[in-house]
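# Chain and residue survey
Spelled out from the first residue to the last, the chains are:
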Protein chains: 2
Amino acid sequence: MPLKRSWVEGANDAGCPFPLNNLPCGVFSTPDGARRCGIAIGNRILDVTALEKTGLISLDGGPLLDQPRWNSVMAAGPAVWNALRLQLTKLLQEGAARHRAVEVHLVPLAGAQLHLPFQVVEYTDFYAGRHHAFNVGTMFRGAENALPPNWLHIPIGYNGRASSVVVSGTDVRRPWGQLKGPDDVVPRFAPSQRFDIELEMGAVVGLPSKSGQPVTVAEADAMIFGYVLLNDWSARDIQAWEYQPLGPFQSKATATTISPWIVMKAALEPFRISTPVREVPLLPHLAEPGPLLYDIDLDVGLTPEDAAETILSRTNYREMYYSAAQQLAHHTTAGCPMNTGDLLGSGTISGPLKESRGSLLELSWGGKEPLTLENGETRSFLHDNDIVTLRGVAKGDCYIIGFGDCTGRILPALADPYSRQG
Amino acid sequence: MPLKRSWVEGANDAGCPFPLNNLPCGVFSTPDGARRCGIAIGNRILDVTALEKTGLISLDGGPLLDQPRWNSVMAAGPAVWNALRLQLTKLLQEGAARHRAVEVHLVPLAGAQLHLPFQVVEYTDFYAGRHHAFNVGTMFRGAENALPPNWLHIPIGYNGRASSVVVSGTDVRRPWGQLKGPDDVVPRFAPSQRFDIELEMGAVVGLPSKSGQPVTVAEADAMIFGYVLLNDWSARDIQAWEYQPLGPFQSKATATTISPWIVMKAALEPFRISTPVREVPLLPHLAEPGPLLYDIDLDVGLTPEDAAETILSRTNYREMYYSAAQQLAHHTTAGCPMNTGDLLGSGTISGPLKESRGSLLELSWGGKEPLTLENGETRSFLHDNDIVTLRGVAKGDCYIIGFGDCTGRILPALADPYSRQG
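Predicted model only: the values in this text are computed from it and were never measured. (Residues numbered from 1 in each chain as written. Chains lettered and ligands numbered in written order. Predicted model: local features only at pLDDT ≥ 70, side-chain atom pairs only at ≥ 80, totals over all residues. Heavy atoms only, no water.)

### Looking at the sheet that holds strand 2 (residues 36-41) of chain A
Residue and element names in this part refer to chain A. With antiparallel pairing, the five strands of this open sheet are ordered in space as 4-3-2-1-5. Each edge of the open sheet carries a strand with a single partner, namely strand 4 (106-108) and strand 5 (113-115). Direction aside, the axes of adjacent strands within the sheet are offset by 50° on average. With three bridges joining them, strand 3 (residues 44-47) and strand 4 adopt antiparallel strand pairing. By the bridge assignment, Leu46 is partnered in strand 4 with Leu106. (Pairing = 2+ DSSP bridges. Helix = DSSP H or I, 4+ residues; strand = E, 2+ residues; numbered from the N terminus. Axes fitted to C-alpha atoms, helices over the stretch in contact; angles between N-to-C directions.)

Written out as structure tokens, the structure reads:
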């Protein structure tokens, strides 16, 4: 797949994450204006809300972009998604006739504030990375019992809190929680000391399912609008005390950060790749009709206060054992209705190597092997004021596809969470 | 608390669940009209959407009833909730001056269709009944290890699926799922054979929390708008195979049925009662400032096809170890934002006696002791075409408060869930 050349500044530059091939969907505001829908192109954002209003683009069933979220477009389905990409490509490609009319709707990426690109209706997080599940299982149960018996048969998942999903750049405050260490006689209520990251991808559901009707893996894939980067912040000490028998709850409820841009599935088509070889056969309803993962390079950077960034991990989305389409199909098996705006976290994406692990829990092996940063400090878990940045890049022959940074800074815990002063 | 007498037919009758003291909130439609908000009174529904439109009631920040859901009223807070009850009481009490003007907005309960009374934004289910947790724990781990170590310290909960919450009267289709019995070598995909009920109450969140800010138990109580009956349908065979390590997922995703009427907290005030004596002290942030449970008699009836109903169980909401306010406070400890329309299931409400257990799992002791119904049939779990009905009644000196039946019929599983014929 060659680079599609655009007349927009920066779009054809080597290393630009937003060439004409990408066209990712976001919501932005400028100091002088309201929130609106935008598409990243080169070093600009194209105000597609304005473009639809002026009639430069027109979508079946529209207006669909007259609100600061992509949900209406997501709900409209693949024909509208493709029509949008086609119309935008015509307007933005080199030599486009209406270049001048479009140009006035470009704003610099640098000065814009980015918001949640869609209304997250419900949020589900999975546990579908083979290496992550093995690492965590080994720490807790030993290598021989690392994988739960069901793990190779179903993509294990749990429901999270949509209300805690925030956009990249939002500060994340260290949570309080009930904790009980191995030496504590009784639990105590205190700030989490083992606050962690989880490097994930998120699949954004566009088309809803028919209520009560399970969907096939192929149907699930067709329902997905696009993908985001996702950091599922996790308080490991809260998790250890609370998670038996019904799973993680407050340990995962502080925040989940997503990238500001949803990369539409169409932009990722050239990077489709198969899941790894099955270790045991899957039941037919979870079998894949074709390659459903994507070859996306991922990394995690940690920037301590007043210091340079250290790259903690480099991995790839192809390391997942289950694809988002398989997860979505599993999600409907008992008749659960899935809706436009549902967000599915992949689960932590760890590779086979130590330096490709997607959480500090794994990187520091439960705190037993602290990491050394570029500035000489060490980390087992996050410190206050640390900034964590996830990045993702799909690499074509002559272009790349990016998601924008998925970043968050850790604020110190509240001194007294129940103080109502000020 | 005496009966408040009303001029509406049936409202003063002994045994009427909807006297003037109650005023529960629902959404209804008649064959000739759209969905609108209503209040049950006697054997009538008062069309409060029409009442607000004509100016007979007026709420700060209104119109709040111009949509077929109570969310705007719920979000408006206690001052508006109280103003609404006060205005309705004046209009509906015996001797009310504007009797004739109001009368035209009453429709018979019998002919109305009832819909979900509010938009369920997110749904959380707890595991906060002492007897239920002990019974289930004993079956799975033996009596000595029945309660997990955290159980007496935090109200254990997990996030469910808001999309699967339905109103009483909605049919519930037996789900398919991945199952692996003790004698199966590999899992299989089949209809659930151990489909069950859970008798619960649901708390409906009115006021949102401040993002990132934990709330006290007293603040949590003030955020709650009202209560519903709740049946958390559960596929025990799917649950057994999937729930380790991250909790129930598809086993709880088929449907959760709630009563058609939300009983506002104010109507339940006379029935406040304390939680049971603490077996170990709670940490201060979960301690109760006063009585936070309610004395509400509950029962479960099962009606087989073409047969009379058998009452399976009789219990009381006061059996819970944790109140909804404690659960909501715990839900915010890590900073999780709570919103208008969040629904919190209490957990299964089992009493200490065999005949007061709130699930078939407990009543039939995992299928080992099938129940005998009035018609001579036996049940370990639900059969196709069984109708399950939950009922709840708070008993005052001279009146009762009801929620309306919370009912659902089991439809047979789809023959082939992936067939797309017809």
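From this point, the narrative continues.
### Quick notes on the sheet that holds strand 4 (residues 106-108) of chain B
All names here are of chain B. Strand order in this open sheet of five strands is 4-3-2-1-5, and the pairing throughout is antiparallel. Unpaired on one side and paired on the other, strand 4 and strand 5 (113-115) mark the two borders of the sheet. Each adjacent strand pair in this sheet contributes to an overall mean axis angle of 50°, direction not counted. Two elements, strand 1 (residues 25-29) and strand 5, share three bridges in a ladder whose sense is antiparallel. Bridge pairing in strand 5 places Val27 opposite His115.

### As for the interface of chain A and chain B
Contact with chain A, which involves 62 residues of that partner, is made by 62 residues of chain B. It is Arg161, Leu246 and Phe249 of chain A in chain A that bury the most area against chain B; as a group they hold 15% of the surface buried on that side. On inspection of chain A and its partner chain B, the count reaches six salt bridges. Of the charged contacts in the structure, one is a salt bridge between Glu122 of chain B and Arg161 of chain A, with a shortest N-O distance of 3.7 Å. Within the residue set of the side of chain A that touches chain B, elements represented by two or more residues are strand 6 (123-126), strand 7 (157-159), strand 10 (176-179), strand 11 (188-191), helix 7 (236-242) and helix 9 (324-331) of chain A. With three residues, the top contributor of residues to the side of chain A that touches chain B is strand 7 of chain A. (Contact = heavy atoms within 4.5 Å. Buried area = accessible area lost by both parts, 1.4 Å probe. Salt bridge = Lys/Arg side-chain N within 4 Å of Asp/Glu carboxyl O.)

### A closer look at the domain arrangement of chain A
All names here are of chain A. Domain assignment breaks chain A into domain 1 (25-115) and domain 2 (123-411). Inter-centroid distance (C-alpha atoms) of domain 1 to domain 2 is 29 Å. On the side of domain 2, 17 residues touch domain 1, which itself brings 18 residues to the contact. In total, about 1500 Å² of surface goes out of reach between domain 1 and domain 2, with carbon and sulfur atoms giving 76% of it. Ranking the residues of domain 1 by area buried against domain 2 places Cys25, Met74 and Trp81 at the top, with a combined share of 43%. Here domain 1 and domain 2 share zero salt bridges between them. (Domains from an automatic or database assignment.)

### Description of the packing of aromatic side chains
According to the stated counting rule, one finds 24 aromatic pairs over all chains in the structure shown. Directly above the aromatic system of Tyr321 of chain A lies the positively charged group of Arg278 of chain A, at a separation of 4.0 Å from the ring centroid. (Phe/Tyr/Trp six-rings, centres within 6.5 Å; stacked < 30°, edge-to-face > 60°. Lys NZ or Arg CZ within 6 Å of the ring centre and 35° of its normal.)

### Considering the side chain of His105 of chain A
With respect to the helices, strands and loops of the structure, His105 of chain A is situated in the loop between helix 4 (99-103) and strand 4. Apart from the residues within four sequence positions on either side, His105 of chain A is in contact with Ile45, Leu46, Asp47, Ala50, Leu51, Thr54 and Leu56 of chain A.

### Side note on the side chain of Thr310 of chain A
All names here are of chain A. Turning to its location among the elements, Thr310 is positioned in strand 21 (residues 310-316). Classification of Thr310 as buried rests on a relative accessible area of 8%. Once you skip the residues sitting within four places of it in the chain, Thr310 turns out to touch Val300, Gly301, Leu302, Leu373 and Glu374. (Buried < 20%, exposed > 50% of the residue type's maximum accessible area, 1.4 Å probe, protein only.)

### Remarks on the layout of surface pockets
Sizing a probe to match a water molecule and rolling it over the atoms shows the empty space that remains. Residue and element names in this part refer to chain B. Quantified by volume, the largest pocket comes out at close to 1100 Å³. In terms of lining residues, the largest pocket is bounded by 42 residues, among which Asn71, Phe118, Gln119, Val120 and Val121 are the most central. Per element, the largest residue contribution to the lining of the largest pocket is three residues, and it comes from strand 5. Partitioning the lining of the largest pocket into residue classes produces 21 nonpolar, 14 polar and seven charged. Considered as a void within the structure, the second largest pocket measures approximately 730 Å³ in volume. Around the second largest pocket, the lining is made up of 32 residues, and of these Phe140, Arg236, Gln239, Ala240 and Trp241 lie nearest the centre. (1 Å grid on protein atoms, 1.4 Å probe; cavity = no way out; pocket = protein on both sides within 12 Å on 5 of 7 lines; lining within 4 Å. Points joined across faces, edges and corners; volume = space filled by probe spheres on them. Nonpolar A, V, L, I, M, F, W, Y, C, P; charged D, E, K, R; others polar.)

### So, the pattern of salt bridges
All names here are of chain A. Tallied over the entire structure, the rule returns 48 salt bridges over all chains. For the salt bridge of Arg318 with Asp295, the shortest nitrogen-to-oxygen distance reads 3.8 Å. One end of the pair, Arg318, is in the loop between strand 21 and helix 9; the other, Asp295, is in the loop between strand 19 (293-294) and strand 20 (297-303), with 23 residues separating them in the sequence. The class of Arg318 is partly exposed, set by a relative accessible area of 39%. In this structure Asp295 comes out as partly exposed when scored by relative accessible area, which is 27%. Through salt bridges that share partners, Asp196, Glu198, Asp232, Arg236 and Lys252 make up one connected network.

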